[in-house]
Amino acid sequence: MKIIYKNKNIRSLYSFQLGLMAVGVVIALVGISLYFMDMSLLGEIFVAGGAAVVIINAGQLVMSQRIESISGITADEIDTEACNENSVWFPILHIYITENILAGFTCDIGNLSFNQTALKVSEIKKIYSDKQDPPNSEMIKDRPTYGVMNNGKYRIVAVAEDDKEFVLSEVLINGYVSDNISEEISDLFAKIKDKSPHIITEEKPAAKS
């Protein structure tokens, strides 16, 4: 399994982990230098710390390539198809539509979400969006949406022929998302309809979570 995606849009989702890996390498190199400057103990600490940073973030990148799929679609397949010039990237939703696949990048290691989701377009019978309010929505309803607190989230869910549901996108709401996501969802649904007219698209109303 490779660690780094070739596709620049997918790779950008993990720029933080890649950056930390680079920092870890630098720390380890400093440690090696210190070791040869007769500061062996400090050098060993730096090498161990740098190696730990590299290993932890490399592990996170590997975990990000675990794919939930009906037909065994792999991260390598998604990456290859996403690099095709006919593929379409939806940057707010973190969804790719390729020639054959609908892939959602919901992996958020910080929130203990490790799987991505990918389905063949032919495996989907319905796709819908919904908005989920946070548990304390009544308390924060008059607060501006710009900020870091939980304002709820938008989701894109695909329904397979056996009625099993797969979450393709889960986006926390902030001001930028609120201003732009409706247009992106409409574009996504239109693109799906162009590729496969039989797929039902639906926008559900907000639901309490």
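That block above? That's the structure.
Source: prediction; values computed, not measured. (Residues numbered from 1 in each chain as written. Predicted model: local features only at pLDDT ≥ 70, side-chain atom pairs only at ≥ 80, totals over all residues. Heavy atoms only, no water.)

Colleague: Sorry if this is basic, but what is going on with the side chain of S196 here?
Modeller: With respect to the helices and strands, S196 occurs in the loop between α6 (175-195) and β9 (200-203). You can call S196 buried: its relative accessible area is 7%. (Helix = DSSP H or I, 4+ residues; strand = E, 2+ residues; numbered from the N terminus. Buried < 20%, exposed > 50% of the residue type's maximum accessible area, 1.4 Å probe, protein only.)

Colleague: What is the right way to look at the pattern of salt bridges in this model?
Modeller: Charged atoms that come close allow side chains of opposite charge to pair. Within this structure, the stated rule accounts for 4 salt bridges. Residues K125 and D163 are paired through a salt bridge, measuring 2.5 Å at the closest nitrogen-oxygen approach. Placement of K125 in strand β6 (residues 124-133) and of D163 in the loop between β7 (153-160) and β8 (165-172) is noted, with a sequence separation of 38 residues between them. The partner of D130 in a salt bridge is R155, with the nearest N and O atoms 3.5 Å apart. Taken together, the residues span a long stretch of sequence, with D130 in strand β6 and R155 in strand β7 at a distance of 25 residues. The buried category is assigned to R155, whose relative accessible area is 15%. (Salt bridge = Lys/Arg side-chain N within 4 Å of Asp/Glu carboxyl O.)

Colleague: Teacher, can you tell me more about unusual backbone geometry here?
Modeller: Most peptide bonds take the trans configuration, and most residues that are not glycine carry a negative phi. One non-glycine residue, H94, adopts positive backbone phi at about 60 degrees. Following the sequence through the fold, H94 ends up in the loop between β2 (88-90) and β3 (95-97). Notably, D163 is not glycine yet its phi reads approximately 70 degrees, a positive angle.

Colleague: Any chance you could explain the sheet that holds strand β5 (residues 115-120) here in plain terms?
Modeller: In sheet architecture, strand pairing relies on hydrogen bonds along the backbone and comes in two forms, parallel and antiparallel. Strand order in this open sheet of 5 strands is β1-β5-β4-β3-β2, and the pairing throughout is mixed. The open sheet has two free edges, formed respectively by β1 (66-68) and β2, since each of these has just one partner strand. Recorded for the sheet is a direction-independent mean angle of 20 degrees between the axes of neighbouring strands. In this structure, β3 lies alongside strand β4 (residues 101-104), joined through 3 bridges in antiparallel fashion. Bridge pairing in β4 places I97 opposite L102. (Pairing = 2+ DSSP bridges. Axes fitted to C-alpha atoms, helices over the stretch in contact; angles between N-to-C directions.)

Colleague: Sorry, what's going on with the nonpolar core here?
Modeller: Generally speaking, nonpolar side chains in soluble globular proteins are found buried as a group. In terms of nonpolar packing, the biggest core is built from 25 residues, with L93, L102, I127, I156, I181 and L188 touching the most fellow members. Within the residue set of this core, elements represented by two or more residues are β3, β6, β7, β8 and α6. If sequence neighbours within four positions are ignored, L93 has contacts with I156, S169, V171, I181, E184, I185 and L188. One finds I10, A75, A82 and F105 within the second-largest nonpolar core, a separate group that totals 17 residues. (Core = buried A, V, L, I, M, F, W, Y, C linked by side-chain atoms within 4.5 Å. Contact = heavy atoms within 4.5 Å.)

Colleague: Explanation requested: a nonpolar patch on the surface in the structure shown.
Modeller: Among the surface-exposed residues, V26, V30, M37, M39, L41, L42, I45 and F46 lie close enough to one another that they form a single nonpolar patch of about 710 Å² accessible area. Contributions of two or more residues to the nonpolar patch are made by α2 (15-35) and α3 (40-63). Per element, the largest residue contribution to the nonpolar patch is 4 residues, and it comes from α3. As for its placement among the helices and strands, V30 is situated in helix α2. (Patch = residues over 30% accessible without salt bridge, like charges linked within 9 Å, V, L, I, M, F, W, Y side chains within 5 Å. Areas by Shrake-Rupley, 256 points an atom, 1.4 Å probe, with all protein chains shown as cover.)

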